[in-house]
Amino acid sequence: MSADQIGALMEHLGKTATASAAVLALAPSAQKNAALAAAAAAVRSRRAAILAANLRDMAAAQAAQLSAPRLERLRLDEPRIEAIAASIEAVIALPDPIGTTAAEWERPNGLRIQRVLVPLGVIGIIYESRPNVTAEAGALCLKSANAVILRGGSESAHSSRALHECLVTGLTAGGLPVACIQLVPTGDRAAVGYMLAAMSEYLDVIVPRGGRSLVERVQREARVPVIGHLEGNCHVYIDRDADLAMARTIAVNAKMRRTGVCGAAETLLVDRACAATHLAPIVRDLLEAGCEVRGDAGVQQVDSRVRAASEDDWYTEYLDAIIAARVVDGVDAAIAHIARYGSAHTESIVTANPATADAFLQRVDSAIVLHNASTQFADGGEFGMGAEIGISTDRFHARGPVGVQQLTSYKYVVRGTGQVRP
C-alpha cells in the first residue's frame, strides 16, 4: 500500500473508533456482557477455522525460521482456544468499573464530590506473535467501554483475523458498533508508524506488547501516552531459610512451565549460606528438565554440564529453556543484583523467614513481587482479573497486570445546591 492509502485507512479506523467509543461509553453492562458471551461462543464454534488459520501462520513462520520461543507464542491448539473462550467469559464475570464511584466526600460548603471511573477512550494496541492477545485485549477493552484498534504482528495475521471475526460476531449480537474492536487489515509496518505519529486526534493511549525493540520504538515515537511492557527478566531468589523441596519445585516451575511467557524466570539466585545443600539439587532438576544452565564459578562447580555465564546473561530475557544462575551473599546481594540487572517485572523469594521475606517484598522495586510462589503467576487471569493486556513495568498510569480496572480513568462529579465561590 502507498503512504496515502495507509494514511486514509488509518484515518478511517480512527474516526470510526472515536464514534464507537462514544456509544460504548454509555452501553449498559448487560449489553457489553451479551456481546462478550456471543464472542466466546463464536470462538468455540469456529475453533476448526481458527486452528486452520493458525496452521497457515505456523507454516509461514517455520518457513521464515522464526525462533522456537516465537513459534511457541504463535501456536494455537484445542486447549489454548478453549482458554481464550474461557478468558472472555472470565471478563464477563468481572464487575463493570464504568460509572462506579471510587471515592466521595462532602465539603463544608455543602458541595458533594464524587470521583467516578470512566473509559480511557480509544486504545491502540501493537503486539507481536501472540494471537490470543487479539481476543483478550478486545474483550478487556469492550468490558471497560474503550474502543480499540488492534495491530497484530504479520506472523499471526490469519489467526488474529479469525479471532477478530469472533469478536465482531459478538458485537453484532450485542447491538454494538462493530468498530468498537478493529483490527488493522494490513501488515505494512507503515501502519505502526502512522499510529504512533499521526493519530493523536483519535488515540488516547497506546499499549505495546512485544520485544524490547518494539516497546522502545513505541515509547520513543508515540505522540500519546504509553502503557509500557518491557522485558520480563524475572528472578527467583533461594534464601538460606528456604525449604529445599519447595525451592526445587518453584525453581523448575518458574522456568520451565512455559518458557516463552514474560513471567518465566530468567535468573536463579542462591544464597551462599545454603548453596552446599540447595544449589546442586536445583541445578540438577533444571538440567534434567531440559533447561540449559549458565552459571558463575560457584554454580559451575556443582555440575559439569553448567556453562559459564557472561555479563550479558544477567540482563537477558531468554524466553527459552535457558537460565542464568548465580551464588549471592544473602538477601541484600540478591536485591542489589535484581536492582542492577532486572527489568522491574516479577521477582520471587523462597524462604521460611518472614522478616527476610518482608525485606525482599518491601525493597525490590518491581511490578510484582512474590513470596514462596512461582513467577509464572505473573498473569492477569491468575490475579482474578479475567485476562490482561500485558504486564506494565511503568509506574504511570498502570503497573503490573493491566486488566479492566487499569483501563479506566476518572472524572470528578460535583453536585451543589446553588453554591457560588466568594
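The structure this text deals with has already been given above.
Keep in mind the model is a prediction, meaning the values are calculated, not measured.

### What to know about the overall build of the protein chain
Scanning the protein chain from terminus to terminus reveals 14 helices and 16 strands. Here the C-alpha radius of gyration of the protein chain, 23 Å, is about what a compact globule of 422 residues would show, namely 22 Å. Considering only C-alpha atoms, the protein chain reaches an extent of 70 × 65 × 40 Å along its principal axes. Put simply, the protein chain has 422 residues, and 54% of those count as buried. Split by element, the accessible area of the protein chain, about 17700 Å² in all, is 52% carbon and sulfur. Positive and negative side-chain charges of the protein chain, numbering 41 and 45 respectively, have mean locations separated by a distance of 4 Å.

### Here's the deal with the packing of helix α1 (residues 3–24) against helix α8 (residues 190–198)
Put simply, α1 and α8 touch, their axes get as near as 10 Å, and they point 55° apart. With respect to α8, the axis of α1 lies oblique. Considering how the two elements wind past one another, α1 and α8 form a crossing that is right-handed. In this structure, α1 contributes Ile6, Gly7, Met10 and Glu11 to the contact, and α8 contributes Ala190, Ala191, Tyr194, Met195 and Ala198. Of the residues contributing to the contact of α1 with α8, the split by class is seven nonpolar, one polar and one charged.

### Regarding the pattern of salt bridges
A pair can form between side chains of opposite charge whenever their charged atoms are brought close. In total, this model carries 23 salt bridges according to the counting rule given. Salt-bridge contacts for Lys32 lead to Asp96; the nearest nitrogen and oxygen are separated by 2.8 Å. With a gap of 64 residues between them, Lys32 in helix α2 (residues 29–45) and Asp96 in the loop between α5 (78–93) and β1 (101–106) connect regions that are remote in the sequence. Each of the two residues, Lys32 as well as Asp96, counts as buried. By sharing partners, the salt bridges in this structure join Glu72, Arg75, Asp77, Arg80 and Arg258 into a single network.

### Notes on the sheet that holds strand β6 (residues 205–209)
Ordered in space as β5-β4-β3-β6, the four strands form an open sheet in which the pairing is parallel. The open sheet has two free edges, formed respectively by β5 (181–183) and β6, since each of these has just one partner strand. Averaged over neighbouring strand pairs, the angle between their axes works out to 20° when direction is ignored. The pairing of strand β3 (residues 122–127) with strand β4 (residues 147–151) spans five bridges and is classified as parallel. From the neighbouring strand, Val122 faces β4, where its bridge partner is Ala147. Strands in contact with helix α6 (residues 132–143) are β3, β4, β5 and β6; relative to β3, the strand with the most contacts, it is inclined by about 165°. Across the face of the sheet, helix α7 (residues 157–173) comes into contact with β3 and β5 while running at roughly 155° to β5.

### Digging into the environment of Ser200
Note that Ser200 resides in the loop between α8 and β6. Taking the C-alpha atoms as reference, Ser200 lies 31 Å from Ile368; in sequence the two are 168 residues apart. Those residues in contact with Ser200, other than ones at most four positions away along the chain, are Arg223 and Val224.

### A short note on the sheet that holds strand β13 (residues 368–371)
Reading across the sheet, the seven strands line up as β10-β9-β11-β8-β7-β12-β13 and stay open at both edges, with parallel pairing between neighbours. With partners counted over all chains shown, the strands left at the sheet margins are β10 (307–308) and β13, one partner each. Summarising the sheet, strand β9 (residues 292–295) and strand β11 (residues 322–328) pair through four bridges and their orientation is parallel. Within the sheet, the bridge partner assigned to Glu292 lies in β11 and is Ile322. Each of β7 (234–238), β8 (265–271), β11 and β12 (346–350) touches helix α10 (residues 244–256); the most contacted strand, β8, lies at about 160° to it.

### Some words on α10
End to end, α10 covers 18 Å across 13 residues, agreeing with the expected 18 Å (1.5 Å per residue, within 8%). Buried residues along α10 sit against β7, β8, α11 (275–288), β11 and β12. A side-chain oxygen of the first residue of α10 lies 3.3 Å from the backbone nitrogen of Ala245; this N-cap is Asp243.

### What to know about the side chain of Ser156
Secondary-structure assignment places Ser156 in the loop between β4 and α7. If sequence neighbours within four positions are ignored, Ser156 has contacts with Asp57, Leu74, Ser129 and Pro131.

### Comments concerning the packing of aromatic side chains
Using the criterion set out here, one finds four aromatic pairs in the structure. Ring centres of Tyr237 and Phe360 lie 6.3 Å apart, and the angle between their planes is 15°; on these two criteria the pair is classed as stacked. Separated by 123 residues along the polypeptide, Tyr237 in strand β7 and Phe360 in helix α14 (residues 354–363) bring together distant segments of the chain. Pair check on accessibility: Tyr237 and Phe360 agree, each one buried. Their ring planes at 70° and their centres at 4.7 Å tell us that Tyr315 and Tyr341 sit as a pair that is edge-to-face. Of this pair, Tyr315 sits in the loop between β10 and β11 while Tyr341 is found in helix α13 (residues 330–341), placing the two residues 26 residues apart along the sequence. Given a relative accessible area of 5%, Tyr341 falls into the buried group.

### As for the pairing of β8
Of all seven residues making up β8, seven are buried, and the element is well covered by its neighbours. Bridge analysis of β7 against β8 gives five bridges, and the strand direction is parallel. Bridge pairing links Val236 to Leu268 in β8. For the segment spanning β7, α10 and β8, crossover handedness is right-handed. Pairing geometry for β8 and β11, over five bridges, is parallel. Note that in β11 the partner of Leu269 across the bridge is Arg326.

Parameters at a glance
Residues numbered from 1 in each chain as written. Predicted model: local features only at pLDDT ≥ 70, side-chain atom pairs only at ≥ 80, totals over all residues. Heavy atoms only, no water. Helix = DSSP H or I, 4+ residues; strand = E, 2+ residues; numbered from the N terminus. Rg over C-alpha atoms; globule rule 2.2 N^0.38 Å. Buried < 20%, exposed > 50% of the residue type's maximum accessible area, 1.4 Å probe, protein only. Areas by Shrake-Rupley, 256 points an atom, 1.4 Å probe, with all protein chains shown as cover. Lys, Arg positive; Asp, Glu negative; His and termini not counted. Charge placed at Lys NZ, Arg CZ, Asp CG, Glu CD. Axes fitted to C-alpha atoms, helices over the stretch in contact; angles between N-to-C directions. Parallel < 35°, antiparallel > 145°, perpendicular 65-115°, else oblique. Left-handed = near helix turned anticlockwise from the far one by under 90°. Contact = heavy atoms within 4.5 Å. Nonpolar A, V, L, I, M, F, W, Y, C, P; charged D, E, K, R; others polar. Salt bridge = Lys/Arg side-chain N within 4 Å of Asp/Glu carboxyl O. Pairing = 2+ DSSP bridges. Expected span 1.5 Å × (residues − 1). Polar contact = N/O pair within 3.5 Å; in protein donor to acceptor, adjacent residues only side chain to side chain. Phe/Tyr/Trp six-rings, centres within 6.5 Å; stacked < 30°, edge-to-face > 60°. Right-handed = clockwise from strand over helix to strand, strands pointing away.

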